[in-house]
Amino acid sequence: MNDKRTFLFTFARRRQFSPCPSPQTNYNGIMVRITVSSPTHRTSERLYGVFFEDINHSADGGLNANMVNNYSFDGVYLNHHTWRLSGADRWRTEADPLRFWRFTNCTAESYGSEIRGDHGQILTTHCPAPPVHAHSRYARISATLPAYSNATAQSSTAQSATQHSSSPMFIENLGYNGGGKNGSEPAFSIVAGHIYDVDFQLRPVVGTFVLAVRVIGKNGEPLTETARFDCSTKDDCAAAGTAAAGTAAAGTAAAGTAAAGTAAAGTVTTSTVAASTAAAGTVTTSTVAASTAAASNIATDTAATDNTAANVNVHIEHDTNGWLHCTAQVRGIRTDYGKLHIAIEPGAEPAVELTDKPTAEPTEEPTEKPTAEPNTGPTAEPTEKPTAESTTGPTAKPTAHPTSEPTTEPTTQPAAAANPHITAHGNVLFDLDLVQFMDADYWGAGDPKWRYGKLRRDLVETIKALHPTFMRFPGGCIVEGVTPGNEYRWKDTIGALAARRPQYSIWSFKMPDGSSYCQSYQIGFYEYFCLCEDLGAKPLPTLFAGIACQSPGRDPRHMDIDSEAFRRNVIQDYLDLIEFANGNPNTSPWAAVRRDMGHPEPFGLDMIGVGNENFGADYVAKFTRISDAIHAIYPHMLCIMSAGLFPFQLPMKRTWDYARTVATAGTGALDSATGDAIIVDEHSYHSPEWFESQAHRFDNYPRCGAGVYFGEYSANGYFAGQPQTEQGANTWKSALGEAAFLTGCERNSDVVKMTSYAPLLAHIPAKGWAQNLIEFNPAHVNPTLNYEAERLFSAHVGPFTYQVDVERTATARHLYVSATGGDCSSIGNSSSCRYIKIVNTSAKAVDVTLEIERGLAALGRGTSGNNTVISTGDADNAGRSAISSKAVSSKAVSHSAVSSSTVRLEIETLSAAPTAKTTIGYRGKAEGAIIPEHRALQLPAANSLLAMKIQPYSLTLVTARW
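Keep in mind that what you see is a predicted model, and the values were worked out from it rather than measured.

1. A word on the overall build of the protein
Regarding its fold elements, the protein presents 15 helices and 41 strands. Long-range pairs, those at least 24 residues apart, make up 79% of the contacts in the protein between residues at least 6 apart in sequence. A total accessible area of about 33000 Å² is found for the protein, and carbon and sulfur atoms account for 51% of it.

Okay, here's the thing in structure tokens:
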């Protein structure tokens, strides 16, 4: 994240700051006195975090660096046309494995050993040859290429091929363009000079052909170099007949080099979770001139020649069951949005039948079965422990079979597909899967732990600039699902990419086209844990509690708490996840999965969320059953309990009564990471005025061991009935309302342990929610004004919270202040610091005098007397124990008693009109015009008075160091 941020709104006047020698000085009329005195308690170490949910295409199309939409031909979507207001089955699953792919002058069919049924259950399907993994489907593509020079001229096949040769054959993918009116737009963001990774699985079946992979612009102009993969036969597939620089054999691959999570050598039943061991096959590297044409006289499309002189390194590695792992790197030659273009060209030799034919049937049965009643809970019933053959954990053989082939598969096959061993000239047949195309400079590039899902660097850096202390994932309503069978199963999201089972997103109904939103799980729980580690944030995974989403319009059905399915698929999922995150790989099967994915060290999980926005007596009972099971094995694990979706006292009463009883009785977590027995998750989407009014919400919450997590909040006006429009979203007014609220969270950070804004990310134009913290298009990022207000709070927090007194006058009615600080020796070589946030939500400027430090805390600075007070330094050694406000006097002290060391001040102010906002379109950078004002000055001592003019509609951060 570039610290040289620019905004879009200029300041009307320069701020005025000056030291004020005495409190009697009248500065520009009536002065409001703000005094920072004694520390009151330790600031929660997890006060500001981030909340990630796959909404607004936050994951696929956003955080996921892979630009290919439906990369694995496993797409599963919401059948939006089945929705109705009430009744069962109003949300149904639609498997459409070829969606978002375009096949020109060639045909494609979808095959695999399993597919999702109408209710998300796993059904077995016919498969002519083994997939990359039993959970994965693939596309079988057939085309008729022109005849070769040694073919019989009178052959009808040759004549047919020659007639067909004037039409180029290719496959295209537009990427994640947001759908709707934008559905025909290309979305691969290419920058000239950047390097891009190409990665896919290929299985030649019939014929000699070359796949030429590149990105082209909307009008066919090349945006990248071309990588050509010559696949003539199995034995010489890696030898490029058009190699300009010769063919270089790379020898035998070393184990562990399967960069994209390719399965280990052997049968398809080998675990692809433990895929750090690469296939021990022959790897051939060929350098192919990007401008070399295919060896034939076929007519090509306008992008067939990219006119680049650079050579492209192509690598092909033999895997199991005839699959080839194909990789290359290409350079961007033009900056623009484009589409992935895979041309099918003739190879250098006549078609030769493969000698190593794929087996007729897959070697592994699908590893999970639907429940007997797919609408009563999760679709899988795992056994107690993962077996050696398992890929994502416990599995069981399926017993359900579809009565017919999926409707997404064509009812007829081309001649070559009907007989996979046809060798007539011009006929080619091949299988394609796991297509990846991404900027090679992804987050964590070069780190072996990032061997599977890859993250977009600019988005991660923007999140990192918030200095989050925790990250909640994967949501959100996605945790519960819109209907039984749609809940989030973390075990479906780990292992090699091919082993992960996609699911449609609950937020499909908010998409412009109504349904085209698949969770590919290229970013799964393993990647979330790794991201937390890289951000220095504690992980907060949140799991399904056995109740589908209870928001209005959903399908809130409950699993039977006493059922075997609840014990096995809900409670056991919590216990297995803790083992996956923290267990010893030598003794824990799930920890061994983590190790084999590239992370033998534990992730340090110490808190877990139980359900999302669930409420009611049944939820309380389920929370008790789940948390009791967790604490029986992991007594220190902090459990987060939902208070529902309404931010009002009455609907939250049942949860809070339960939580405070647990805390009082000591039946929750023991010696948890935050010191709480239990934490309650409150949510609110309300108006800016409501958030301002809630600045004192937590002043009177009992300090009993039941803490608060304000887990989702945004001043978008939702519960106030305000329209959700682009014009009204992410305005400076909403950011100020949230900032006023955060001063109250900071002042009460002994009971408010965590906060997180939601939603975090939003793709333009794939926005289901209008107001978000960070918006982006395929090329650029727009941190909103709400982000900038959040950053001032989250990136400037001290270890102690200080008492702040503000004169309550009519002038100060809309002034909100909080202060933290303590020993900040790690910042600027200072021994002490204060971070003081001042929010003015009114239209009038306010003149204030600010005293940075007052009371015995200031008196102790520079004196060696026996003061009966916990100084900042003493308090830092006090562990997590709170500082009693009674033990720290706030009496005023004379200037002569205070150290005369100079205090360095840095002042940053954001101010704009209430309706101001930054915007970003599908193309281009963010627009706007506000420049934060920065001032630096010095005070003679910490308890000197500083006269300031607090601008209207402003947020000011005063950082003092001495």
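2. Description of the confidence of the model for the protein
Overall, the prediction assigns the protein a mean pLDDT of 79, with 72% of residues at 70 or greater. Low pLDDT, under 50, characterises residues 238–309; the predicted model gives this stretch 191 contacts beyond four residues in sequence or across chains. Taken as a whole, residues 856–899 scores under 50 in pLDDT and shows 71 contacts with residues more than four places along the chain or in a different chain.

3. Re helix H10 (residues 649–665)
Its 17 residues place the ends of H10 22 Å apart at the C-alpha level, agreeing with the 24 Å of an ideal helix rising 1.5 Å per residue. Of all the bends in H10, the largest measures some 35° and sits at Thr 655. Here the buried face of H10 lies against helix H9 (617–633), strand S27 (638–642), strand S28 (678–685) and strand S29 (706–714).

4. Concerning the pairing of strand S25 (residues 538–543)
Counting buried positions over the six residues of S25 gives five, a clear majority of the element. Across four bridges, strand S22 (residues 470–473) lies against S25 in parallel orientation. Across the sheet, Phe 470 pairs through a bridge with Lys 538, a residue of S25.

5. A word on the packing of aromatic side chains
By the definition in use, this model includes 47 aromatic pairs. Seen in terms of ring centroids, Tyr 337 and Tyr 922 are 5.2 Å apart; in terms of plane orientation they differ by 70°. Their pairing is edge-to-face. On the criterion of sequence distance, the pair formed by Tyr 337 in strand S20 (residues 336–346) and Tyr 922 in the loop between strand S38 (903–911) and strand S39 (933–939) is long-range, its members being 585 residues apart. We note that Tyr 337, like Tyr 922, is buried. The ring centre of Tyr 701 lies 5.5 Å from the NZ or CZ of Arg 660, which sits over that ring.

6. Brief notes about the sheet that holds S29
Reading around the circumference, S3-S22-S25-S26-S27-S28-S29-S30 is the order of the eight strands in this closed barrel, with parallel pairing throughout. Strand after strand, the sheet turns through a mean of 25° between neighbouring axes, direction not considered. Where S29 lies against strand S30 (residues 752–757), four bridges are found, and the strand directions are parallel. Across the sheet, Val 708 pairs through a bridge with Val 752, a residue of S30.

7. Observations regarding unusual backbone geometry
Here the amide bond leading from Gly 475 into Gly 476 is cis, since omega sits at 15°, within 30 degrees of zero. Note that the residue after Ala 758, namely Pro 759, is joined by a cis bond; omega there is -10°. In this fold, Pro 759 is placed in the loop between S30 and strand S31 (761–763). You will see that Phe 100, though not glycine, has its phi angle at about 75°, which is positive. Within the fold, Phe 100 resides in the loop between strand S5 (92–95) and strand S6 (101–104). Judged by its relative accessible area of 30%, Phe 100 falls in the partly exposed class.

8. Here's the deal with the sheet that holds strand S32 (residues 774–776)
Reading across from one edge, S31-S32-S33 is the order of the three strands in this open sheet, with mixed pairing throughout. For this open sheet the edge positions go to S31 and strand S33 (781–783), each flanked by a neighbour on one side alone. When strand polarity is set aside, the average angle formed by the axes of neighbouring strands in this sheet is 20°. Where S31 lies against S32, three bridges are found, and the strand directions are parallel. Its bridge partner being in S32, His 763 is matched across the sheet by Phe 776.

9. Overview of the pattern of salt bridges
One pass over the full model with this rule turns up 44 salt bridges. Taking the shortest distance from any N to any O, the salt bridge between Glu 851 and Arg 33 comes out at 3.1 Å. Of this pair, Glu 851 sits in strand S37 (residues 846–851) while Arg 33 is found in strand S2 (residues 32–42), placing the two residues 818 residues apart along the sequence. Among the residues examined, Arg 33 registers a relative accessible area of 22% and is labelled partly exposed. Where Asp 805 meets Arg 854, a salt bridge forms, and the shortest distance between an N and an O atom there is 3.9 Å. Residue Asp 805 is found in strand S34 (residues 800–806), and its partner Arg 854 is found in the loop between S37 and helix H14 (856–859); the two are separated by 49 residues along the sequence. Judged by relative accessible area, which is 17%, Arg 854 ranks as buried. Connected via shared salt-bridge partners are Arg 489, Lys 491, Asp 573 and Asp 576.

10. Things to note about helix H7 (residues 564–582)
With 19 residues, H7 ought to run about 27 Å at 1.5 Å a step, and its terminal C-alpha atoms sit 26 Å apart, in line with that. Of all the bends in H7, the largest measures some 40° and sits at Gln 572.

Criteria and thresholds
- Residues numbered from 1 in each chain as written.
- Predicted model: local features only at pLDDT ≥ 70, side-chain atom pairs only at ≥ 80, totals over all residues.
- Heavy atoms only, no water.
- Helix = DSSP H or I, 4+ residues; strand = E, 2+ residues; numbered from the N terminus.
- Contact = heavy atoms within 4.5 Å.
- Areas by Shrake-Rupley, 256 points an atom, 1.4 Å probe, with all protein chains shown as cover.
- pLDDT = per-residue confidence, 0-100.
- Expected span 1.5 Å × (residues − 1).
- Bend = angle between axes of the 7 residues up to and from the residue.
- Buried < 20%, exposed > 50% of the residue type's maximum accessible area, 1.4 Å probe, protein only.
- Pairing = 2+ DSSP bridges.
- Phe/Tyr/Trp six-rings, centres within 6.5 Å; stacked < 30°, edge-to-face > 60°.
- Lys NZ or Arg CZ within 6 Å of the ring centre and 35° of its normal.
- Axes fitted to C-alpha atoms, helices over the stretch in contact; angles between N-to-C directions.
- Salt bridge = Lys/Arg side-chain N within 4 Å of Asp/Glu carboxyl O.

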